[in-house]
Amino acid sequence: MFLFRWLWTNMEGYKGRYILALCLSVVCQVMFLVTPMMSQQIVDTFIMPEDAAYIIKTQSTLLWQMVWIMIGFTFLRTVIQYSTNMLYEVTSQALIYRVRKKMYENINKQDATFYDRFRTGDIMTRMTGDIDMVRHSVAWIIKTVIESLTLFIASIIYFFSMDWLTAICLIALTPVIFGVSFFFKKKVRPMYVTLREKLSLMNTAAEENISGNRVVKAFAREDYEIGKFDEKSVDYSKANKRAALTWLDFFPIIEITAQALSVIQLLLGGVFAISGRITVGEFTAFAGLIWTLANPMRNIGTIINDFQRFTASANKIIEVYYGRSKIADREDAIDLPERIKGSIEFQNVDFSYGDIQVLHDINLKIEPGETVAIMGPTGSGKTTLVELIARIYDVNGGKVTVDGNDVRMLKLKQLRSSIGMATQDVLLYSDTIDGNIAFGNTSMSEEEVVRCAEYADADGFIRKLSEGYETIVGERGVGLSGGQKQRIALARALAVKPAILVLDDTTSAVDLETETHIQESLRNLDFPCTKIIIAQRISSAKDADKIVILQNGTIADVGTHEELIQREGYYREVYELQH
Ligand code: ADP
């Protein structure tokens, strides 16, 4: 029921049209009865009486009228059917447009935990195949159910109006159909849930392989990847077959029941017609309409199959559609009246990914305008630590403050637009370099873009590209070196003139000379900025106002370069190793 309510809500603006389509479907099905009704009249009036030849001669106008009515109704029915289908199409397209839009908006609002939980291939399946299944349910499943039911009920009413005994004998078989449907539905439901999972796994395998094609090539793993995909594809295909073939177990019962209808009609109808209980015209009408009972029975398998498919898909969509990000603006969030100054403080901060605690009791104060370097072994929690400032994740204990305010009390938009981040894994969009740099500030001028590129020491190589700033970088920035991509990412982070700049290993792939140049530029930015630099190299960290050493999720040491090289510990070890 919930699913139907959900569909109904999303038909906003098209509800009237959908109701109209359903009503027209009903009308159309009832009109199917007109031809057999007329045939019955024709047989009883013009063919069966002993003086049939005389009646045809004298009442030929009536006969013609009846024939024209039959033709007229058939034509009208076709026109209505066409319009009805159009209405279903328009409504279902409007519905999925709305669902897709809302889903996409919601996906964009999700926090990082959501992206940790759902793979891209899985989200894409929800956005495409699942949504199409919803369209199919509105444009086909519901329509077919309504049409089958109307035809079934209308025929039964008509049958009763002719002869109740024949009608009862014919519908006596209906419980068999209900029984079969019930057992079939129970058996097939879990199969479609599995089927949907297999589809998602297959799409995830394809997505990971495509986006990771360079790694696949570098390790010559094409055959392995093809095999892996093939395995998922076979799994999906098998699940599909298993679900589709299940109907075959029940099909003979349905088919025998449907055929039995014709036999009953022929035998009983024949006997009743001979005994005079029903007229020959009525016998013809029974015979002509037996399909209106048999067809809905035959459709039941497809309807149940499709309905289960729809339920599995709709549940997947709804999970994303109604999923709410835990990281969102609080109702009493404060609006800072002016630009953030950039002081940051971690107070007794604990953080875990699920059950695994990665940060323990972190206490750290960063003053506005300071440059702080964070160093430590891989996996010590450096990236996680800086992500807490922008609320990519929320702390589990303690608090992070910016300008003295708990970040959870600030408006997300204001907080995040005050932070420029260049992350470890640089993703450039399939856009011009200019567009990529101006990503966070689309209104910036050409000169400003160039200025940011200069800060990042990227202007030189960008100008050497065939189209300069207008060069389109491919998906994931194919065509640029790692260091070049990092420099564009740095320019992009600077473009928002952030109060807090976070560089997560951003200069790891640039040479030392360029790095020195970038450091020099960062010292001379034309706006106030607190800088946090995660680094692996001493050269990236040594000029910082303070260097924080993170080990196993705790702060092991804090000091300047001079202080830290005096002391035993991680920094001195790295220093000695790198010199
Ligand atoms: P660093 O930046 O110092 O290399 P990270 O902050 O990236 O460290 O990771 C710290 C720890 O948290 C690692 O053990 C890592 O495996 C784990 N981790 C990082 N990101 C996630 C995530 N999204 N889900 C679960 N665990 C994660």
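Our subject in this report is the structure included herewith. Please read these numbers as outputs of a predicted model, since none were measured by experiment.

Aromatic rings considered in pairs are described by the distance between their centres and by the relative angle of their planes. With the rule as written, the count across this model stands at 17 aromatic pairs. With 6.3 Å between their ring centres and 45° between their planes, Phe2 and Tyr322 make a pair best called tilted. Residue Phe2 is found in helix α1 (residues 2-9), and its partner Tyr322 is found in the loop between α13 (291-321) and β1 (344-353); the two are separated by 320 residues along the sequence. Taking the relative accessible area as the measure of exposure, Phe2 reaches 41% and is therefore partly exposed. For Tyr322, a relative accessible area of 40% translates into the label partly exposed. Considering the side-chain rings of Phe351 and Tyr353, the 4.9 Å spacing of their centres and the 90° angle between planes classify their relative orientation as edge-to-face. Judged by relative accessible area, which is 3%, Phe351 ranks as buried. Positioned over the ring face of Tyr224 is Arg221, at 4.0 Å from the centre of the ring.

Before going further, it helps to examine α13. Counted at 1.5 Å a residue, the expected span for α13 with its 31 residues is 45 Å, and the 42 Å between its end C-alpha atoms agrees. Of all the 31 residues making up α13, 22 are buried; the element is thus mostly covered by neighbouring parts of the structure.

As a further point, take the sheet that holds strand β2 (residues 356-366). A sheet is described by the order of its strands in space; here four strands give the open sequence β2-β1-β4-β5, paired in antiparallel fashion. Both edges of this open sheet fall to β2 and β5 (405-406), since each of them pairs with a single strand only. Direction of pairing for β1 relative to strand β4 (residues 397-402): antiparallel, over a ladder of five bridges. Bridging across to β4, Asp350 finds its partner in Gly397. Along the sheet, helix α14 (residues 382-389) makes contact with β1, β2 and β4, crossing β1 at roughly 120°.

Before going further, it helps to examine the packing of α1 against α13. Interhelical geometry of α1 versus α13 gives an angle of 65° and a closest axis separation of 11 Å. Taken together, the axes of α1 and α13 lie roughly perpendicular to each other. Handedness of the crossing formed by α1 with α13: left-handed. When α1 is examined against α13, the residues Phe2, Leu3, Phe4, Trp6 and Leu7 are found in contact with a partner set consisting of Phe307, Phe310, Thr311, Ala314, Asn315, Ile317, Ile318 and Tyr321.

A word on the pattern of salt bridges. Pairing is possible between side chains that carry opposite charge, provided their charged atoms lie close to one another. On inspection of all chains with the given rule, the structure shows 32 salt bridges. For Lys101, the salt bridge identified is with Glu105, shortest N-O distance 3.6 Å. You can see Lys101 and its partner Glu105 sitting in helix α5 (residues 60-109), four residues apart, about one turn around the helix. The salt bridge partner of Asp526 is Lys497, with a shortest N-O separation of 3.9 Å. In this pair, Asp526 is assigned in the loop between α20 (512-523) and β8 (530-534) and Lys497 in the loop between α19 (482-494) and β7 (500-504), connecting sequence segments 29 residues apart. Given the relative accessible area of 36%, Lys497 is considered partly exposed.

Below, the discussion takes up the site of the ligand. Every residue close to the ligand is listed here: Asp116, Tyr353, Val358, Pro377, Thr378, Gly379, Ser380, Gly381, Lys382, Thr383, Thr384 and Tyr393. Within the contact set of the ligand, an oxygen atom lies 2.9 Å away from a side-chain nitrogen or oxygen of Lys382. In this structure, Tyr393 approaches the ligand through a side-chain N or O atom, which is 3.3 Å from a nitrogen atom. The protein chains hide 62% of the 560 Å² of surface that the ligand would expose on its own. It is α14 that provides the largest number of residues to the shell around the ligand, a total of three residues.

Cut-offs and rules
Residues numbered from 1 in each chain as written. Predicted model: local features only at pLDDT ≥ 70, side-chain atom pairs only at ≥ 80, totals over all residues. Heavy atoms only, no water. Phe/Tyr/Trp six-rings, centres within 6.5 Å; stacked < 30°, edge-to-face > 60°. Helix = DSSP H or I, 4+ residues; strand = E, 2+ residues; numbered from the N terminus. Buried < 20%, exposed > 50% of the residue type's maximum accessible area, 1.4 Å probe, protein only. Lys NZ or Arg CZ within 6 Å of the ring centre and 35° of its normal. Expected span 1.5 Å × (residues − 1). Pairing = 2+ DSSP bridges. Contact = heavy atoms within 4.5 Å. Axes fitted to C-alpha atoms, helices over the stretch in contact; angles between N-to-C directions. Parallel < 35°, antiparallel > 145°, perpendicular 65-115°, else oblique. Left-handed = near helix turned anticlockwise from the far one by under 90°. Salt bridge = Lys/Arg side-chain N within 4 Å of Asp/Glu carboxyl O. Near = heavy atom within 4 Å. Polar contact = N/O pair within 3.5 Å; in protein donor to acceptor, adjacent residues only side chain to side chain. Areas by Shrake-Rupley, 256 points an atom, 1.4 Å probe, with all protein chains shown as cover.

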